[in-house]
Amino acid sequence: LEEMERPPDRWFRRTTRERFAASVAAAAALVHAPADCVTMVTNATVGVNAVLASMTFADGDEVLFTDWTYQAVKNTVEYICERRGVRSVRLCLDFPVESEDVLVAQFASKLDEHPKVRVCLIDHITSPSAVVMPVRRLVDLCHARNVRVVVDGAHAPGQLHIDMLELGADYYTGNFHKWCFSPRGCALLYVRREYRDEVMPCVISWAWRESFSERFENLGTRDHTPMFTVVESLKFIEEKLGGQEAMMRYNSELVEAAVAMLAKAWGTERLDIPKDMQAPFMRLVRLPLDGLFEDPDSIMMELYDSSNVMVCTFGIKGVHYCRISANVYNEFSEYEILAKAVLQLRERKLREAATLGNQ
């Protein structure tokens, strides 16, 4: 911050371009992508917006997404489709997840029903359900039907090993603030070389005729500093945590132990997901709150207000789950606090229900 504010003219006229290029190079190396196909954006939703807003659609074209798609991205799809006069198509995916084969078959069936689909949105890791999607297989499926693929990898950098050329996606965006220790406001956007010239930022500014990366860098006066932490964030993982493999081992072992403990303490079960499709650092476990809450969001806020415990809560097929995550700054005792807080919340709700029933 001091470096930016002491000589702001030098910062905005020279330093930002140098720092932005360094972040792009580091991000590209992490995901094994050509640096000239990568740029930085503030978050994955911004990346998806830039891609979809830049596309040209013909009459009758359709955009495919799923009911597991992140809500902000669903909103983007609906907005773009309404403004462009094209149709959005929702694929409802089933729980429990049986296998990659079944999931790919569901996509194939929907694409066969809708031959005018031109773009498909796929999450690399689904946010509500923590499922790792078989991206490569889905990309191949879509490309065989001349369908472009946009991958929302919001939770993937740092949690998964990513090889962009191996995945084969046309567009990919992912956050660095979730698992790579950058501050909020730092994400990558990858676009295959043949589509780079088409993709513009949603804000058109000074560099709109420059290279793919540059036109996302100079969007007018703003605070770039979160984006400039990529180099140091990745260096922190390697030098302070022992590398990504060590981080992945600690996080995976912790979240697995935590979900087992929670399921036992609550007398419930984890969400049934094949082992090879589980997000490494995320799990869902059913909450012991059947019939006590209608809205899962209210569970999250009541837990926070009553116990100072924050955990994401979701409803899946009418059942309330919490999604736990593990990172290197977490300890097993924190999940024991969660277990106790949920049981206390249940007891309080049961007492309230009994009181109302006696009135």
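Residues numbered from 1 in each chain as written. Predicted model: local features only at pLDDT ≥ 70, side-chain atom pairs only at ≥ 80, totals over all residues. Heavy atoms only, no water.

1. Looking at the layout of surface pockets
Space inside the largest pocket adds up to approximately 880 Å³. Together, 35 residues line the largest pocket, and M310, C312, R323, I324 and S325 are the ones closest to its centre. If you list the elements that add at least two residues to the lining of the largest pocket, you get α3 (44-54), α11 (296-307), β9 (312-316), β10 (319-325) and α12 (332-357). With four residues, the top contributor of residues to the lining of the largest pocket is α12. For the lining of the largest pocket, the per-class residue count stands at 18 nonpolar, eleven polar and six charged. Here the second largest pocket defines a volume of roughly 290 Å³. In terms of lining, the second largest pocket is formed by 16 residues, of which the most central are D67, W68, K74, P128 and G315. Looking at the lining of the second largest pocket, the elements that each hand over two or more residues are α4 (71-84) and β9. For the lining of the second largest pocket, the leading source of residues is β9, giving three residues. When the residues that make up the lining of the second largest pocket are grouped by side-chain class, the tally is seven nonpolar, five polar and four charged. (1 Å grid on protein atoms, 1.4 Å probe; cavity = no way out; pocket = protein on both sides within 12 Å on 5 of 7 lines; lining within 4 Å. Points joined across faces, edges and corners; volume = space filled by probe spheres on them. Helix = DSSP H or I, 4+ residues; strand = E, 2+ residues; numbered from the N terminus. Nonpolar A, V, L, I, M, F, W, Y, C, P; charged D, E, K, R; others polar.)

2. With respect to the pattern of salt bridges
Note that side chains of opposite charge can pair when their charged atoms are close. In total, this model carries 22 salt bridges according to the counting rule given. Close ionic contact of R348 with E302 constitutes a salt bridge, the shortest N to O distance being 3.5 Å. Separated by 46 residues along the polypeptide, R348 in helix α12 and E302 in helix α11 bring together distant segments of the chain. E302 gets classed as partly exposed once you look at its relative accessible area, which sits at 25%. Across the pair E352 and K349 runs a salt bridge whose closest N-O atoms are separated by 3.6 Å. Here E352 pairs with K349, and both are found in helix α12, just three residues apart, close to one helical turn. Look at E352 and you get partly exposed, because its relative accessible area is 38%. Its relative accessible area of 16% is what places K349 among the buried residues. (Salt bridge = Lys/Arg side-chain N within 4 Å of Asp/Glu carboxyl O. Buried < 20%, exposed > 50% of the residue type's maximum accessible area, 1.4 Å probe, protein only.)

3. Here's the deal with empty space enclosed by the protein
Within the structure shown, the criterion is met by two cavities of 30 Å³ or more. Roughly 50 Å³ of volume is contained in the largest cavity. Of the residues that constitute the lining of the largest cavity, the class distribution is five nonpolar, two polar and two charged. Reported here for the second largest cavity is a volume of approximately 30 Å³. Looking at the second largest cavity, the residues that line it are M200, P201, V203, I204, S205, W206, A207, W208, R215, N218 and L219. Of the residues contributing to the lining of the second largest cavity, the split by class is eight nonpolar, two polar and one charged.

4. Thoughts on the side chain of Q106
For Q106, the location among the structural elements is in helix α5 (residues 100-113). Sequence-distant contacts of Q106, that is, excluding residues within four places in its chain, are made with L91, C92, L93 and D94. (Contact = heavy atoms within 4.5 Å.)

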